[in-house]
Each structure stands twice: as structure tokens, then as C-alpha cells.
Amino acid sequence: MTEPVNRTILLFDIEKFGTRDDVEQAFLRRLLYDVADGTLNAAGVSETARLRTDRGDAVVELIDANVPVSTLVKALLTETPMLLHAKNRLMASSTQIRLRIVLAAGYVALDENGWVGSDLNHAFRLLDADPLREALKSADGSSVLCVSDSVYQGVVRHGHHGVRPEEFHQVTVEAKEGPTSAWLHQVPSAERNGGSASLPGSPGPGGSTGSPSGSTQIMGSQYGVAGGDVNGNLSFDFRGDDRGGKQ
């Protein structure tokens, strides 16, 4: 195994990939590569500053730590949705592509089977977390972005040009190693329409969260062990043995 190196970790995962037939899957993978390449080109990431690993329905991009993370966040919030819209508007519903995206950072090493490391494992836990899946299901667009706590604290919360911290809300991921925080980018639909609204789980009129107990319980897999506190004590407790039933 090589010595660990610091990398920005970018993950793209296709929604409901396992429900597609082989022809559709091959087509969606080509679209995924196009979107990943277009996003990183827009962020000014050269071919020599990135390494790609294929995971079937997902792509891992390990990016040189010298690439500014703020430019990656901006590209993921602007270029990626535009690329997806341009492709999906010409596609039948059966071939449209929707993506869960995670941006994290940490140390990875290379062994005989590929890239390994607890920081990479953590990024995949975020990618498969139910809050991210549910956010994509309810999203108006074709992608949802989740950033790790380190990316949020180091970059997003400072409000660099093109990045609005108020559009991210916190979730808590429960794992064997203990709880950790992540941040979902999600603009309430009413706000997009010029009104005001609370995100799911936040207090509504009169302080009600919409749940009798003020919390929500959702079951999931060990890769989706996640949860959150979104101003309304929204919590998730996911347990399971495998990811086989997830799409």
C-alpha cells in the first residue's frame, strides 16, 4: 500500500441505476462521464489533477488538493445542473439521468485493489444516506449535492462568490465510528417560487414540525446510516445489513 495522500473526493451516483436494463445502463454511464468531465472542466481541473475510479453506477474523482474547493462547489451548483438539463430535455423519461453528488476531502492510499481509506468510506456513507436519496426524490432538478462537514466549515460557510451557505442544511450521519455531520444543498420549493417555506423537519406555523413527536424515523442500510437536525429536531436512524435493496 502506498502512503496516504490528501485529495478532494468527488462522488457521482446515478439514481435508480439498478432498475434500468443493460442498454440503458451503458447509455447512462456515458452521460455520467460527460457530466463529470464537463463539471470538472468548468472548475478548471486539468486531466493531470484528477484520478477517476469507476464503481458501476457511480464515479469517484480524486482531485489534487491544490485545486480550490470553492471552484468545485460553484461548478457543482451551476454547471452540473445545466449539463443535466441540456441532456435530459432531449431524453425520454426512461433514459433521463439524475445524480446524487458528494464532495468531501481526506486521505486516501492505493493498494493492489484500488484506492482505500476511511475518508473515502465516509464519503460513500454520505452518498448512500437516505436524506440525500430523499432530497433527490423531492428535488425539482436532476441533482442534489451533499458536502462533508470539513468542506462546509472550510469553504461553504464563508460564502465565497457563487456559494450561498443559507442554501445548505445540516444532517447527522450515524456510523460505527460515531456520529458525524454533513450538509445538504436544498432550496425550499416555495422560496424558488418567490415565497418562503421551511425545509422538511423544520418548524412550521406555531412551531410544529409536522410530526407528533417533532422527529422522523426512517430505516435504511448500513451505507445509508444518516440523520439530521434541521432546526426542528429532525432525526434519522437507519439500520440494515446491506445495500442490495437500495436503488
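Refer to the structure printed above.
This text gives an overview of the structure that appears in the document. (Residues numbered from 1 in each chain as written. Predicted model: local features only at pLDDT ≥ 70, side-chain atom pairs only at ≥ 80, totals over all residues. Heavy atoms only, no water.)

A few words now on the pairing of strand 4 (residues 99–111). Buried residues dominate strand 4, accounting for ten of its 13 residues. Where strand 1 (residues 5–14) meets strand 4, ten bridges bridge the pair, whose relative direction is antiparallel. Across the sheet, leucine 10 pairs through a bridge with leucine 103, a residue of strand 4. In the sheet, strand 4 pairs with strand 6 (residues 143–148) via five bridges, with the strands oriented parallel. From the neighbouring strand, isoleucine 101 faces strand 6, where its bridge partner is leucine 145. Sheet topology note: the strand 4/strand 5 (residues 114–116) ladder contains three bridges and is antiparallel. In the strand pairing of strand 5, aspartate 111 is matched with glycine 114. In sequence, strand 4 turns back onto strand 5 through a hairpin of two residues. (Buried < 20%, exposed > 50% of the residue type's maximum accessible area, 1.4 Å probe, protein only. Helix = DSSP H or I, 4+ residues; strand = E, 2+ residues; numbered from the N terminus. Pairing = 2+ DSSP bridges.)

Glancing now at the packing of aromatic side chains. Enumeration according to the criterion identifies two aromatic pairs in this entry. For the pair tyrosine 152 and tryptophan 183, a centre-to-centre distance of 3.6 Å together with 5° between the ring planes defines the contact as stacked. Within this pair, whereas tyrosine 152 is found in helix 5 (residues 149–154), its partner tryptophan 183 is found in strand 8 (residues 178–185), the two being separated by 31 residues in sequence. Just as tyrosine 152 is buried, tryptophan 183 falls in that class too. Through a chain of ring-to-ring contacts, three or more aromatic side chains come together here, namely Tyr152, Phe168 and Trp183. (Phe/Tyr/Trp six-rings, centres within 6.5 Å; stacked < 30°, edge-to-face > 60°.)

Scanning the model with the defined rule gives 14 salt bridges in all. Where aspartate 54 meets arginine 29, a salt bridge forms, and the shortest distance between an N and an O atom there is 3.1 Å. Of this pair, aspartate 54 sits in strand 2 (residues 50–54) while arginine 29 sits in helix 1 (residues 22–42), and the two are 25 residues apart along the sequence. For aspartate 54, a relative accessible area of 35% puts it in the partly exposed group. A relative accessible area of 24% places arginine 29 in the partly exposed class. (Salt bridge = Lys/Arg side-chain N within 4 Å of Asp/Glu carboxyl O.)

What follows deals with unusual backbone geometry. With a phi close to 55°, lysine 16 is a non-glycine residue in the positive phi region. Its location among the elements puts lysine 16 in the loop between strand 1 and helix 1. By relative accessible area, lysine 16 is classed as partly exposed at 42%.

Quick look at the environment of threonine 39 now. Examined against the element boundaries, threonine 39 turns out to sit in helix 1. Relative accessible area serves as the criterion here: at 1%, threonine 39 is assigned to the buried category. Sequence separation between threonine 39 and glutamate 79 is 40 residues, and the spatial gap between their C-alpha atoms is 5.8 Å. In this structure threonine 39 touches Ala75, Leu76, Glu79, Thr80 and Leu83, once residues within four positions along its chain are discounted. (Contact = heavy atoms within 4.5 Å.)

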